[in-house]
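What follows is the residue order along each chain.
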Amino acid sequence: MLRIEEAETLVFDPVHGENERTVLQRIGLQSSTENTQCKVRMEKRTLVFMPHCPKELTNNLLYSNLRFCDKQNKSTVSNLVLISNSISNVLLRTPDSKIKKFGSILKIAEDSNLVKETNIINSFKFSDIFNDLAVHEFTGPTEDLLKGISTPVYEDEDTEMI
């Protein structure tokens, strides 16, 4: 279904301490200590799991993969499969002024039909936890669309990022 190759797995959370990284290593997962704030390009089909993350991180991940191309000159965003808060719900619940500051790439992706979103039905016993997750798959942008995308910049006092 997702067409993701088996490969090395990298786990990162800015609040992971040495104990968490040790456990991850023992179960065969790689852990990073570098906080890239999701400015990472997906060179091959990649599943990214980011429940409850700030919209700025999703925005950075999309920007990093919309603006850059792989060896076939194709936007790497089509390599991305993202499980995160529903992008459409984030845009619906966030004032336009905040979207312009923190989620402009999310808006571009949705308005340009670059994202296919499939909601995940919450079967957890608490309905207020994991209640807004969705699987997102992306298609590459047109050249004209890429010309209008600028690097996201966030003011430290306004951001939710760690």
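Above this text you will find the structure in question.
Residues numbered from 1 in each chain as written. Predicted model: local features only at pLDDT ≥ 70, side-chain atom pairs only at ≥ 80, totals over all residues. Heavy atoms only, no water.

A. How the structure looks around the packing of helix α2 (residues 55–66) against helix α5 (residues 104–111). Relative to each other, α2 and α5 sit at 60°, their axes nearing to 7 Å. Overall, the two elements α2 and α5 adopt an arrangement that is oblique. Classified by chirality, the crossing of α5 by α2 is left-handed. Residues K55, T58, N59, L62, Y63 and L66 of α2 pack against S104, I105, L106 and A109 of α5. Of the residues belonging to the contact of α2 with α5, the class tally is six nonpolar, three polar and one charged. (Axes fitted to C-alpha atoms, helices over the stretch in contact; angles between N-to-C directions. Helix = DSSP H or I, 4+ residues; strand = E, 2+ residues; numbered from the N terminus. Parallel < 35°, antiparallel > 145°, perpendicular 65-115°, else oblique. Left-handed = near helix turned anticlockwise from the far one by under 90°. Contact = heavy atoms within 4.5 Å. Nonpolar A, V, L, I, M, F, W, Y, C, P; charged D, E, K, R; others polar.)

B. Summary view of the nonpolar core. Among the nonpolar cores identified, the biggest contains 25 residues, and M50, L61, L62, L80 and F138 are the most heavily contacted of them. Among the secondary structure elements, those contributing two or more residues to this core are β3 (46–50), α2, β4 (80–85), α3 (87–93) and α5. Considering every element that reaches this core, the biggest residue donor is α2, with five residues. In this view, L80 contacts M42, R45, T46, V48, L61, L62, H136, E137 and F138; residues no more than four positions away in its chain are not counted. (Core = buried A, V, L, I, M, F, W, Y, C linked by side-chain atoms within 4.5 Å. Buried < 20%, exposed > 50% of the residue type's maximum accessible area, 1.4 Å probe, protein only.)

C. A look at the pattern of salt bridges. This model, assessed by the stated rule, comprises four salt bridges. Notably, a salt bridge pairs D111 with K107, separated by 3.1 Å at the nearest N-O pair. Linking D111 with K107, this pair stays in helix α5, spanning four residues, or about one helical turn. What makes K107 partly exposed here is its relative accessible area of 34%. (Salt bridge = Lys/Arg side-chain N within 4 Å of Asp/Glu carboxyl O.)

D. Inspection of a nonpolar patch on the surface at higher detail. There is a patch of nonpolar side chains on the surface, built from F124, F126, I129 and F130 and spanning about 330 Å² of accessible area. Looking at the secondary structure, you find I129 in the loop between β5 (115–119) and β6 (133–138). On the basis of relative accessible area, I129 is assigned to the partly exposed category, the value being 31%. (Patch = residues over 30% accessible without salt bridge, like charges linked within 9 Å, V, L, I, M, F, W, Y side chains within 5 Å. Areas by Shrake-Rupley, 256 points an atom, 1.4 Å probe, with all protein chains shown as cover.)

E. Just the side chain of N65, in detail. Assignment of secondary structure puts N65 in helix α2. With relative accessibility at 0%, the residue N65 sits in the buried group. A distance of 2.8 Å separates a polar atom in the side chain of N65 from a polar atom in the side chain of T76. Dropping the residues within four chain positions of it, N65 is found in contact with V40, R41, M42, S75, T76 and V77. (Polar contact = N/O pair within 3.5 Å; in protein donor to acceptor, adjacent residues only side chain to side chain.)

F. The arrangement of the environment of S104 in detail. Among the secondary structure elements, S104 is positioned in helix α5. Separated by 45 residues in sequence, S104 and I149 place their C-alpha atoms 8.8 Å apart. Beyond its immediate stretch of four places on either side in the chain, S104 contacts N59 and I99.

G. Summary view of unusual backbone geometry. With a phi angle near 65°, C38 is a residue other than glycine that sits in the positive phi range. By the element assignment, C38 lies in the loop between β2 (30–31) and β3. Even without being glycine, N113 reaches a positive phi, approximately 55°. The topology assignment puts N113 in the loop between α5 and β5. For N113, a relative accessible area of 63% puts it in the exposed group.

Everything listed here is a matter of geometry and, on its own, says nothing about what the molecule does.
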